[in-house]
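# Commentary on secondary and tertiary structure
So the chains spell out like this:
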Number of protein chains: 2
Amino acid sequence: MKIKKNIKRLLLYRLCLVKFKEMGFKKVYSYNLGHEAGVSAEQIRKDFSQFGITGNKKGGYDIEYLLERLNHIFKKNEHQKVIIVGMGNMGYALSHYECGFTETKKYIVAGFDIDPMKIKMTYNIPVFPMNVLRTYIREHNIRIAILAVPAISAQEVCAKLVVCGIKGIMNFSPVILQVPDDVIVNNVNLCDELECIMHMVDPVDNPPTGE
Amino acid sequence: MKIKKNIKRLLLYRLCLVKFKEMGFKKVYSYNLGHEAGVSAEQIRKDFSQFGITGNKKGGYDIEYLLERLNHIFKKNEHQKVIIVGMGNMGYALSHYECGFTETKKYIVAGFDIDPMKIKMTYNIPVFPMNVLRTYIREHNIRIAILAVPAISAQEVCAKLVVCGIKGIMNFSPVILQVPDDVIVNNVNLCDELECIMHMVDPVDNPPTGE
């Protein structure tokens, strides 16, 4: 199962709204927000309406109200516990990544790795060997894992996670994972994200090619 | 300027094609590839056609041919040099991130940070203080920067990069950046990517809500 695009858009809107709020705005029209987010005003209104968020065609949306409603939609996330599998440089960076919108949230509760050296090192989360993965997931009701292992082991580790009951995977490995239909995968391919920009920017002293 | 969606899709197709190739397939139909990538068969054909990639309605596309054409489209990226600004945990992880499709590419040539301690540490790329940023960018014709600084300094550092001639920014800071129209920003918000999955996966023993 893939990430729902409307959920992704709501999070983008939230970022845009924070920016508008910091600029001193109290209200926003759907076309302003749409322009900032790169979507049509119609899409904005449709997304908000789908989640029970109302506005006023003449007056626009109240920014504080929007932020409150958006935070409420994602409030249930507070109960989630997440593990990282693969505690290399990326896993380490992610374990220290500050998340949270209204406050700092600590979703990530543990890391796992096959390398005994990583298990001995001091991280800000406990790091366990792979042989206790299943026990940990079941004892702590973990549903979500971040996969930050080399490409060559990604599918195998993914299969293990699915067998252990994981239902959501944030995948940093540059492979397309095979998962059952009820497992959600969010692929984050940092190399491809970089390739996108590189492709659009001319490396020499010419202006970049426009849309 | 935002990332062109068709470019992002081509990179996704490439990942899917690598998977098919590893599974032993020689040919692929647009509907197979579309199903894997989460887009319509029509979109696949339209994207390929736009980039001069041809297929055969009855026989489908030859996978090796597709991969060769896709690699060719992104071959010009080999000449790009990229810097990282902000050498915290994420900057460090990114400086070690192996990129490359046919071979390992080293796009990232230098890092910058305000913290003198980071400049003394051994990284696999040279790390310089911010006061030499402009000189370095100009001397090395750098067009692309990865921004991995705290949210509070992101806009200020972004403005510096733009003044120095940067035309593409991969932004890891959770803020919407203000840039001139000719500067491309690719936002990578890892917290929001995680929030997406968390929202879609029920933290208790219920099956996740479907589309």
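Residues numbered from 1 in each chain as written. Chains lettered and ligands numbered in written order. Predicted model: local features only at pLDDT ≥ 70, side-chain atom pairs only at ≥ 80, totals over all residues. Heavy atoms only, no water.

### As for the domain arrangement of chain A
Residue and element names in this part refer to chain A. The domains assigned to chain A are domain 1 (2–73) and domain 2 (80–193). Taking only C-alpha atoms into account, the centre of domain 1 sits 31 Å from that of domain 2. With seven residues of domain 1 in contact, the opposing surface of domain 2 contributes five residues. With both chains or domains summed, domain 1 and domain 2 bury close to 470 Å², and 70% of this area falls on carbon and sulfur atoms. Of all residues in domain 1, I3, R14 and N71 bury the most surface against domain 2, accounting for 62% of the area lost on that side. (Domains from an automatic or database assignment. Contact = heavy atoms within 4.5 Å. Buried area = accessible area lost by both parts, 1.4 Å probe.)

### Some remarks on the packing of aromatic side chains
Residues and elements named next belong to chain A. Applying the stated criterion across every chain yields a total of 14 aromatic pairs over all chains. A ring pair is formed by F112 and Y136, whose centres lie 5.5 Å apart and whose planes are at 75°; its orientation type is edge-to-face. Of this pair, F112 sits in strand β4 (residues 108–113) while Y136 is found in helix α7 (residues 133–139), placing the two residues 24 residues apart along the sequence. According to the relative accessible area criterion, F112 is buried, its value standing at 0%. Measuring from ring centre to ring centre gives 5.3 Å for F128 and Y136, while their planes differ by 40°; the resulting arrangement is tilted. Look at F128 and you get partly exposed, because its relative accessible area is 26%. Overall, the relative accessible area of 12% leaves Y136 in the buried class. Of the aromatic side chains, those joined through ring pairs into one cluster are Y13, F48 and Y61. (Phe/Tyr/Trp six-rings, centres within 6.5 Å; stacked < 30°, edge-to-face > 60°. Helix = DSSP H or I, 4+ residues; strand = E, 2+ residues; numbered from the N terminus. Buried < 20%, exposed > 50% of the residue type's maximum accessible area, 1.4 Å probe, protein only.)

### Re the pairing of strand β3 (residues 82–85) of chain B
All names here are of chain B. Covered by surrounding structure in β3 are V82 and I84 together with I83 and V85, the residues of both alternating faces. Pairing analysis gives four bridges linking β3 to strand β6 (residues 144–147), with the strands arranged parallel. Each residue of the ladder has a partner; that of V82, found in β6, is I144. (Pairing = 2+ DSSP bridges.)

### Some remarks on the environment of R45(A)
Residue and element names in this part refer to chain A. Looking at the secondary structure, you find R45 in helix α3 (residues 41–50). Taking the relative accessible area as the measure of exposure, R45 reaches 34% and is therefore partly exposed. For the pair R45 and G55, spaced ten residues apart in sequence, the C-alpha separation works out to 8.3 Å. Discounting chain neighbours no more than four positions away, the residues touching R45 are S30 and Y61.

### Remarks on the interface of chain A and chain B
Interface size is commonly expressed as the accessible surface area that is lost when the partners come together. Listed as interface residues are 73 residues of chain A and, on the opposing side, 73 residues of chain B. Of all residues in chain A, I176(A), H199(A) and M200(A) give up the largest surface area on contact with chain B, accounting jointly for 11% of the area buried on that side. Linking chain A with chain B are four salt bridges, by the criterion used here. In this structure, the salt-bridge partner of E193(B) is K8(A), at a minimum N-O distance of 3.3 Å. One can count 20 residue pairs in polar contact (both at pLDDT 80 or more) joining chain A with chain B. (Salt bridge = Lys/Arg side-chain N within 4 Å of Asp/Glu carboxyl O. Polar contact = N/O pair within 3.5 Å; in protein donor to acceptor, adjacent residues only side chain to side chain.)

### Describing the confidence of the model for chain A
Residue and element names in this part refer to chain A. Per-residue confidence for chain A averages 88 on the pLDDT scale, and 92% of its residues sit at or above 70. Least confident of the elements in chain A is helix α6 (residues 116–120), whose mean pLDDT is 82; most confident is α7, at 97. In this model residues 206–211 is a low-confidence stretch, pLDDT under 50, and it forms ten contacts with partners more than four residues away in sequence or in other chains. Scored as a complex, the prediction yields pTM 0.86 and ipTM 0.86. (pLDDT = per-residue confidence, 0-100.)

### Observations regarding the pattern of salt bridges
All names here are of chain A. Under the counting rule described, the total for this entry stands at 18 salt bridges over all chains. As a salt-bridge pair, K19 and E36 come within 2.9 Å of each other at their nearest N and O atoms. Of the two residues, K19 sits in helix α1 (residues 5–22) while E36 sits in helix α2 (residues 30–37), which places them 17 residues apart along the sequence. Note on accessibility: K19 and E36 belong to one class, buried.

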